[in-house]
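Notes for the structure review
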Amino acid sequence: LAGCTVFITGASRGIGKAIALKAAKDGANIVIAAKTTQSHPKLSGTIYTAAEEIEAAGGRALPCVVDVRDEQQINDAVEKAVEKFGGIDILVNNASAISLTNTLETPTKRVDLMMSVNTRGTYLTSKACIPFLKKSKIAHILNLSPPLNLNPMWFKQHCAYTIAKYGMSMCVLGMAEEFRGEIAVNALWPKTAIHTAAMDMLGGSGVESQCRKVDIIADAAYSIFKKPKSFTGNFVIDENILKEEGIKNFDIYAVKPGQPLLPDFFLDEHPDVAVIKQESPGSWHSTGGLQSVQNVSHSQRTKNTPKGAVPEFKEEKPQPQSKPHYGAVEETFRIVKDSLSDDVVKATQAIYQFELSGEDGGTWFLDLKNRGGTVGHGEPSDRADVVMSMSTDDFVKMFSGKLKPTVAFMSGKLKIKGNMALAIKLEKLMNQMNSRL
């Protein structure tokens, strides 16, 4: 990528910056289009510190203040990039906003933010760069967005976020066809959670041990940039394309090699996750139709409905759950109580309430904020920070390590109200107790 100009939104930190640094090692020109000009107490890095790192790595940097919700700021940055570097060869639409909240708990301003940054921002930035990308020999647009998986499970818990991210993916679907032969347009998505400052805020401390480093996304993006313009319209999963590149040891990307990894959203790969099967006949074709893609690399495409057809989805019948043993919930809480200590309370500082349905259910609480920790039946004396609703059977499975909380949440078995970061903190405590439960 020596001498190539790469325009990256949200490049002041995380995945965007990692892609920038990978390209910079070749001697690429990097346009850092992001809005962070002053360091955030919880999110380190600005467009200026990123520029310093890029130039230290061997690239040339142009930091531009860009909020992708502002069309004028996008256009000004594109103009500056062309003026300084002579053109644009690659666009990476990385800027994104996330809120994993359900319909009634997502404020309108948060809905507007996700739609404006994710879908509209991607569309407008692409629109501004396309005239210059058309003149490039490389000509790639890469959106950090997921395969278009129409399994309702991925909509039910965070409908607004899914719509906003899928809007980015639909830009891939449409623009790949519109500019076929001129510009390669693809999507890239991680198979597992990626450790970034944003993930720390979402997941709380300790979540990094179940994540991969941003390097895996940077390496996968680089693999895509090396491909010809004919490689277009693909929903690439990072691990898949790197396997095709010959990489076999993925421990190099793990924050803590050997630890189980959190699966990422929108990929139907876990046995605890419901699978949607598409029954309509026909094959995918470029002129239309809905695409339900699960874990797709460029060599994999799913069958799809013909244009104009209404897709039919059939959800596989869930396997009957075994009933919990009598008193299993009470016994679980007894073991939890024996595991409590002042150190656990000090490290957690949260009160959890459990609304359990089924045999041996009811309301239970786990107080990890006061007096060395307490558990009990009924509501806590102080207001709960997190309320978790699930069946007694799944509760016992979750605390004994047979069901990951993340998978339970994503598959709809676990509903969470309150502080998501504190909810994920509880997972660390569960891991410590698994051997006893």
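A brief look at the structure comes next. Computed from a predicted structure; not experimentally measured.

The rules behind each value
- Residues numbered from 1 in each chain as written.
- Predicted model: local features only at pLDDT ≥ 70, side-chain atom pairs only at ≥ 80, totals over all residues.
- Heavy atoms only, no water.
- Buried < 20%, exposed > 50% of the residue type's maximum accessible area, 1.4 Å probe, protein only.
- Helix = DSSP H or I, 4+ residues; strand = E, 2+ residues; numbered from the N terminus.
- Pairing = 2+ DSSP bridges.
- Phe/Tyr/Trp six-rings, centres within 6.5 Å; stacked < 30°, edge-to-face > 60°.
- Lys NZ or Arg CZ within 6 Å of the ring centre and 35° of its normal.
- Salt bridge = Lys/Arg side-chain N within 4 Å of Asp/Glu carboxyl O.
- Core = buried A, V, L, I, M, F, W, Y, C linked by side-chain atoms within 4.5 Å.
- Contact = heavy atoms within 4.5 Å.

1. Structural notes on the pairing of strand 11 (residues 362-368)
Two faces, one strand: in a regular strand the side chains alternate between the faces of the sheet. The element strand 11 is extensively covered by neighbouring structure, given that six of its seven residues are classed as buried. Pairing geometry for strand 10 (residues 350-357) and strand 11, over seven bridges, is antiparallel. Across the sheet, residue A350 finds its bridge partner in strand 11, namely L368. Connecting strand 10 to the antiparallel partner strand 11 that follows it, the hairpin turn spans four residues, and G358 within it adopts a positive phi of roughly 100°. As paired elements, strand 11 and strand 12 (residues 374-377) share four bridges and run antiparallel to each other. In the strand pairing of strand 12, W364 is matched with H377. Hairpin connection of strand 11 to strand 12: five residues between the antiparallel strands, including R371 at a positive phi of 45°.

2. Points about the packing of aromatic side chains
For the structure shown, the criterion picks out twelve aromatic pairs. Each ring, one from W154 and one from F266, has its centre 5.8 Å from the other, and the planes form 55°; the classification is tilted. Here F266 lies in the loop between helix 9 (238-244) and strand 8 (276-278) and W154 lies in helix 5 (residues 153-156), a separation of 112 residues in the sequence. The residues W154 and F266 share a single accessibility class, namely buried. Linked through ring pairs, W154, F155, Y161, Y166, W189, F265 and F266 together constitute an aromatic cluster. Just above the ring of Y222 sits the side chain of K22; from NZ or CZ to the centre is 5.1 Å. Sitting over the face of the ring of F231, K227 holds its NZ or CZ atom 5.3 Å from the ring centroid.

3. Side note on the pattern of salt bridges
Taken as a whole and judged by the stated rule, the model has 13 salt bridges. Between E182 and K134 there is a salt bridge, with its nearest N and O atoms 3.9 Å apart. Separated by 48 residues along the polypeptide, E182 in the loop between helix 6 (159-178) and strand 6 (184-189) and K134 in the loop between helix 4 (108-133) and strand 5 (140-143) bring together distant segments of the chain. Here K191 makes a salt bridge to E239, at a shortest N to O gap of 3.3 Å.

4. Here we look at the nonpolar core
Counting 48 residues, the largest nonpolar core has F7, V78, I88 and I183 as the members making the most contacts within it. Elements with a contribution of two residues or more to this core: strand 2 (29-34), strand 3 (60-65), helix 3 (71-85), helix 4, helix 5, helix 6, strand 6 and strand 7 (235-237). Ranked by residue count, the leading element in this core is helix 6, at eight residues. Leaving out residues up to four positions away in the same chain, F7 has contacts with V31, A33, A77, V78, A81, I88, I90, L91, V92, T125 and C129. If you look at the next biggest cluster of nonpolar residues, it comprises 42 residues, including A28, I47, I216 and L242.

5. Topic: the pairing of strand 6
Burial analysis of strand 6 places six of its six residues in the buried class, the great majority of the element. Side chains A184, N186 and L188 of strand 6 all project onto a buried face; the interleaved residues V185, A187 and W189 project onto the opposite face, where all are buried too. With four bridges connecting them, strand 5 and strand 6 associate as parallel partners. Paired with H140 across the bridge in strand 6 is A184. As defined by bridge partners, strand 6 adjoins strand 7 across three bridges and the pair is classed as parallel. Across the sheet, the residue bridging to L188 is V236, located in strand 7.

6. Digging into unusual backbone geometry
Here A139, not a glycine, exhibits a phi torsion of approximately 50°, which is positive. Its relative accessible area of 0% is what places A139 among the buried residues. Its identity is not glycine, yet Q349 carries a phi of approximately 50°, on the positive side. With respect to the helices and strands, Q349 occurs in the loop between helix 11 (342-348) and strand 10. Overall, Q349 belongs to the partly exposed group, its relative accessible area being 38%.

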